[in-house]
Amino acid sequence: DKWEYPWYAAWDLAFHCVIFALIDADFAKHQLLLLTHDWYMHPNGQISAYEFAFGDVNPPVHAWAVWRVYKMTGPRGGRDRAFLESAFQKLLLNFTWWVNRKDIEGNNLFSGGFLGLDNIGVFDRSKPLPTGGFLHQADATAWMGFYCLTMLSIALELAEMNAVYEDMASKFFEHFIGITDAMNTLGGNGLWNEEDEFYYDELTLPGGKMVPLKVRSMVGLIPLFAVETLE
């Protein structure tokens, strides 16, 4: 199909680069840096989602791909720190875009829209809701927790050679704790349903009423990704 191939989606490309690093490490690094280049990244820090909708939102896995490619393509003590540091600087802009644009109430519960995995939903989460109001998304919030932990890992790595990055590591650790607290306790139990033992999206209606969308789907499993071991 001439239309379907070739085309890119930003988060697909991140996964592709991890695999491509096994074949051509320099090409994989170049591709990851390309999407954060000032020619292609929006001035506000957003990474272009795909060529048919630059302004849409993909899960923020770019930092994870950078971290994986960095570790895969060199022995400990001999890795490409310039690549890691360059990517980290640009990813700070992207992280800030998420915080400023996708945390509607400033309470560490995020929206985002179409975030993959659940391609068929009750309604299109990238568009205004038919009910009005807005969604707190379990997957968007969990992806941001995951993003925090990846940036924390990168900052700790860079801090071994440059103490300036210690403050950035603290920032991402504290932000992760804030997201975790909101997701589990805000308003009583956050997005967690104790009876079902599952995370659900939460619909906030124009009048302020909050309704959990009790759909058993990948949305409620994404929080399992946000795990990091600190030594």
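Here's a quick rundown of the structure. (Residues numbered from 1 in each chain as written. Predicted model: local features only at pLDDT ≥ 70, side-chain atom pairs only at ≥ 80, totals over all residues. Heavy atoms only, no water.)

## Comments concerning the sheet that holds strand E4 (residues 201–204)
In spatial order, the strands read E1-E4-E5; together these three strands make up an open sheet with antiparallel pairing. With one partner strand each, in any of the chains shown, strand E1 (134–136) and strand E5 (210–213) form the two edges of the open sheet. This sheet shows a mean twist of 30 degrees between the axes of neighbouring strands, independent of strand direction. (Pairing = 2+ DSSP bridges. Helix = DSSP H or I, 4+ residues; strand = E, 2+ residues; numbered from the N terminus. Axes fitted to C-alpha atoms, helices over the stretch in contact; angles between N-to-C directions.)

## Considerations on helix H1 (residues 10–20)
Taken together, the buried positions of H1 are Ala 10, Trp 11, Leu 13, Ala 14, Cys 17 and Val 18. Down the axis of H1, the sector holding all buried residues measures 155 degrees, keeping them to one side. As for H1, its buried residues are in contact with helix H2 (25–34), helix H3 (62–72) and helix H5 (138–159). (Buried < 20%, exposed > 50% of the residue type's maximum accessible area, 1.4 Å probe, protein only. Arc of directions from axis to C-beta. Contact = heavy atoms within 4.5 Å.)

## Overview of a nonpolar patch on the surface
Together, Ile 19, Phe 20, Leu 22, Ile 23, Phe 27 and Met 72 make up a nonpolar patch on the protein surface, roughly 620 Å² of accessible area in all. Positionally, Met 72 belongs in helix H3. Relative accessible area serves as the criterion here: at 31%, Met 72 is assigned to the partly exposed category. (Patch = residues over 30% accessible without salt bridge, like charges linked within 9 Å, V, L, I, M, F, W, Y side chains within 5 Å. Areas by Shrake-Rupley, 256 points an atom, 1.4 Å probe, with all protein chains shown as cover. Salt bridge = Lys/Arg side-chain N within 4 Å of Asp/Glu carboxyl O.)

## Structural notes on the nonpolar core
Ranked by internal contacts, the top residues of the largest apolar core, which has 61 residues, are Phe 88, Tyr 147, Met 151 and Phe 172. Broken down by secondary-structure element, the contributors of at least two residues to this core are H1, H2, H3, helix H4 (81–102), H5 and helix H6 (165–185). The contacts of Phe 172, once residues within four sequence positions are left out, are Phe 88, Leu 92, Phe 95, Cys 148, Met 151 and Leu 152. (Core = buried A, V, L, I, M, F, W, Y, C linked by side-chain atoms within 4.5 Å.)

## Some thoughts on the side chain of Asn 58
Relative to the helices and strands, Asn 58 is located in the loop between H2 and H3. Given a relative accessible area of 9%, Asn 58 falls into the buried group. For Asn 58, the side chain forms a polar contact with the main-chain nitrogen of Ala 10, separated by 3.1 Å. Within the structure, the side chain of Asn 58 is placed 3.2 Å from the backbone nitrogen of Trp 11, a separation counted as a polar contact. (Polar contact = N/O pair within 3.5 Å; in protein donor to acceptor, adjacent residues only side chain to side chain.)

## Describing the packing of H1 against H3
Across the interface, H1 lies against H3 with an axial gap of 9 Å and an inter-helix angle of 5 degrees. If you check the angle between H1 and H3, you find them roughly parallel. Between H1 and H3, the residues in contact are Ala 14, Phe 15, Cys 17 and Val 18 and His 62, Trp 64, Ala 65, Arg 68, Val 69 and Met 72, respectively. (Parallel < 35°, antiparallel > 145°, perpendicular 65-115°, else oblique.)

## Regarding the packing of H4 against H6
The relative placement of two packed helices is expressed as an angle between their axes plus a distance between the axes. As a packed pair, H4 and H6 sit with axes 14 Å apart at the nearest point and diverge in direction by 35 degrees. H6 is crossed by H4, and the crossing has left-handed handedness. Counting all contacts with H4, which are made through Glu 85, Phe 88, Gln 89, Leu 92, Phe 95 and Val 99, the residues of H6 involved are Tyr 165, Met 168, Lys 171, Phe 172 and His 175. For the contact of H4 with H6, the residue count by class is seven nonpolar, two polar and two charged. (Left-handed = near helix turned anticlockwise from the far one by under 90°. Nonpolar A, V, L, I, M, F, W, Y, C, P; charged D, E, K, R; others polar.)

## Describing the environment of Thr 150
As for its placement among the helices and strands, Thr 150 is situated in helix H5. Considering only alpha carbons, one finds Thr 150 and Tyr 40, 110 residues apart in sequence, at a separation of 22 Å. Setting aside chain neighbours within four positions, we find Thr 150 in contact with Ala 63, Trp 64 and Trp 67.

## With respect to the packing of aromatic side chains
Remark: the centre distance and the inter-plane angle together describe each pair of aromatic rings, the angle taken between the planes. As enumerated under the stated definition, the model contains 16 aromatic pairs in all. Ring geometry for Trp 143 against Phe 225: centres 5.6 Å apart, planes inclined by 55 degrees, an arrangement best described as tilted. With Trp 143 in helix H5 and Phe 225 in the segment after E5, this pair connects stretches of sequence that are 82 residues apart. On the accessibility criterion, Trp 143 (3% relative accessible area) is buried. (Phe/Tyr/Trp six-rings, centres within 6.5 Å; stacked < 30°, edge-to-face > 60°.)

## Quick word on unusual backbone geometry
At Asn 108, a residue that is not glycine, the phi angle is positive and equals roughly 70 degrees. Here Asn 108 shows up in the loop between H4 and E1. The backbone of Glu 197 shows a phi angle near 55 degrees, a positive value even though the residue is not glycine. Among the structural elements, Glu 197 can be located in the loop between strand E2 (192–193) and strand E3 (198–199).

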